[in-house]
Amino acid sequence: MGRMRAGWGVVVLGLGVVSYGQGTDQGNYERGSLDSIQRAIDTYLGGEFATAMLTAGEYCEWKVSLQEGDVLIAEARSPSFDPALQVLDSLGQTAAENDDRFPGGQAPLVLMRCAASGEFRLRVKSFKDKSGGECMMRYSAFKTVELGPDNRSSETVPGKDRFLLRIPMKAGQVKEIASEAGGPNGYSGIAGATMIGPTGLPDPGLARSYQVTPNTLLLAPVDGDYYLMARASEDRQGTVRIHAWTREIPISKLHASVSQSSPESPTNRATMWELPVKAGQLLELSVPELGIGANLTAAEAPDVTGYSLAKPESNPFLPQPRDHAPDPGPVFDSLSKRFRDGRIQVIHVRRDAKLWIASNASGNDGQQFELRIRQAARDFVEGNPNTSRLRIGDTDYWAFDAQAGDVMTLENASREISPLIIVRDPDLAELRHYEPALDQTADSWRMVAQKQGRYLIAVACVGNGGSGEYSLARKTIHPNQLALQSPASGQLSEGQIQVWRFTVDPEVPLILRWTSSNWSYGVAVYDDRGNRTDFQRQVIDAHTWLGILSSRQRQTYVVVLTGGHDKADFSIDLSRAADLIKKS
């Protein structure tokens, strides 16, 4: 609790009834928003409310003594009327005031930094002096340590009470807040708690996504004074000495290029970069020159240009209204690259955006390092096998483009590792998850693309252990055309694949006649988008199928035949149903 909480000085104009109670807030906001803000406010106000009865047209006052530099935070509530809260100086001038902490929340909240020591009064009255009833008020006053332009401060603070660290900031600035513990001066460490914004509401925590060090990180959405509520880590009577400072973390802007390296940066200083990215990119971000204890994080860059305290809809400290714009979703998906190595990240970008990338830059003192950016996947070309050597703990990526309806065969082989292979579509949906059986060194499978775009194959070692060579091969099977005057015919041997494609026009029924020496081969039917479908076939005899095809809209079929254990001769022909009726 703040050091001024002992001894309420109460002056009540009206009925002088003093008691203690608890109030609530209501508002048209998403569930949880009000609760989370109130829980944060409770951490730095805390304690019980002083309660009084207010007569309409009058006001209630509480006295408080403040020292220069102290920060006063107070709130008022009432179950009976809409309260307003003022802070008056010794001359009766208004030093701070508030009616509603946010629209719909009829509980005023004020934060005031005391410019000169003196006596102040906290006044609660009804908005426009129209109503009366029960009112409640509570406040805390904190000793404040200034972390201004000089960035460092050594101060004496209470050993038990909380205090504030004041950090002046400009919109868009990122600062790291650190302190020293022990050492030759015997400084007490600092345990940070809630971050408070310039209006007294809790900071929205925009820096949370970029937290890379144990120190507190703060990103300012608007210009103003920010406060970290803290306590000395040594809980003892009397006072202790602390040493605290801030360091601005500049954001190095990179260009929109897939293959690049950042300018060199010193190790052991938290570092951040801004990178424009495009939807569909698969990028590898790494800081390989840093030590194994280094980390690397990425998140969407905040746009602070739209923030302002002037309007509720642009105030970043207010709860999010129910009718806010829909969440566009994450800007990227994270994929694995090297097991247990925080220095490298692979991301698949979902939409155009700017990223902020951060690292704690842990490494050897006096050294420099770079952020390296490159394509995360190699091109998976058709034809000859694509070979590579997998490192222990690594995941390799291969990418290829496909059209919806493409039919292809894929193979992998390795005698040195037991490969885990995952195939993903352009939206990263998993299409195949393969782990070989014991002593299995090769595998093959067939795939029909259901979406146009870039497909991804990830290769790792089962259990992330082992290293060695492997190969991948891919072949697209281009379809043969089946039409009225161009029947399908051929021979299928074991494992052979043939693809036939034909189209049915609307309101033109077709008769399909399919003959085969045997039916040992597999038959799979897809539409032109790669989705499984089928058409009715009637068994005429041991070697003949017959079907009638009709559609209200143009329909394309892709028939994939896979040879079985017995060699088979087949033929498929199409004819118009109307022509057969005329002949009969």
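It should be emphasised that the depicted structure is a prediction, and the values quoted were computed from it without experimental measurement. Here, residues in each chain are numbered from 1, in the same order as that chain's written sequence. Local features in this predicted model are restricted to residues whose pLDDT is 70 or higher, and side-chain atom pairs enter the listing and the counts only when it is 80 or higher, whereas totals over whole chains, interfaces and linings include all residues. As a rule here, side-chain values come from all non-hydrogen atoms in the structure, and water together with hydrogens is ignored.

Right, let's get into the confidence of the model for the chain. pLDDT runs from 0 to 100 and stands for how confident the predictor is about each residue. Mean pLDDT over the chain: 88, with 92% of residues reaching 70 or higher. Per-residue pLDDT stays below 50 along residues 1-32; that stretch engages in 88 contacts with residues further than four places along the chain or on separate chains. The contact definition used throughout considers only heavy atoms, calling two residues in contact when any of these lie within 4.5 Å.

Moving on, we get to the sheet that holds strand E45 (residues 544-549). Reading across the sheet, the five strands line up as E39-E47-E41-E45-E44 and stay open at both edges, with antiparallel pairing between neighbours. In this open sheet, the two strands that pair with only one neighbour each are strand E39 (488-492) and strand E44 (538-541). Averaged over all pairs of adjacent strands, the angle between their axes in this sheet comes to 20°, without regard to strand direction. Examined bridge by bridge, strand E41 (residues 510-516) and E45 share six bridges and lie antiparallel to one another. When the bridges of E45 are listed, Ile-511 appears paired with Ile-548. Any two strands between which DSSP finds at least two bridges are classified as paired. Runs of E in the DSSP output that reach at least two residues are strands. Runs of H or I that reach at least four are helices, and both are numbered from the N terminus. Every angle, taken between N-to-C directions, lies between 0 and 180 degrees, and every axis is a line fitted to C-alpha atoms, over only the stretch in contact when it is a helix.

Here we take up the environment of Gln-93. Mapping Gln-93 onto the fold places it in the loop between strand E5 (83-88) and strand E6 (94-98). Sequence separation between Gln-93 and Phe-120 is 27 residues, and the spatial gap between their C-alpha atoms is 9.8 Å.

Note on ring pairs: Phe, Tyr and Trp rings are taken, using the six-membered ring of Trp, and paired if centres are within 6.5 Å. Classes follow the plane angle, with under 30 degrees stacked, over 60 edge-to-face and the rest tilted. Tallied over the full model, the rule gives 15 aromatic pairs. With a centroid separation of 6.4 Å and 45° between ring planes, the pair formed by Tyr-226 and Phe-317 is classed as tilted. Linking Tyr-226 in strand E16 (residues 224-232) with Phe-317 in the loop between strand E23 (297-300) and strand E24 (332-335), this pair joins segments that are 91 residues apart in sequence. Only protein chains enter the accessibility calculation, which uses a 1.4 Å probe. A residue is then buried if its area is under 20% of the maximum for its type, exposed if over 50%, and partly exposed in between. You can call Phe-317 buried: its relative accessible area is 3%.

Let us look at the environment of Asp-401. With respect to the helices, strands and loops of the structure, Asp-401 is situated in strand E31 (residues 395-402). Counting along the chain gives 22 residues from Asp-401 to Asp-379, while the straight-line C-alpha distance between them is 9.2 Å. Beyond its immediate stretch of four places on either side in the chain, Asp-401 contacts Gly-453, Arg-454 and Arg-474. In this structure the side chain of Asp-401 is engaged in a polar contact, spanning 3.2 Å, whose partner is the side chain of Arg-454. Counting of polar contacts relies on pairs of N or O atoms within 3.5 Å, with two restrictions inside protein: one atom must be capable of donating a hydrogen and the other of accepting it, and residues adjacent in sequence are counted only when both atoms are side-chain atoms.

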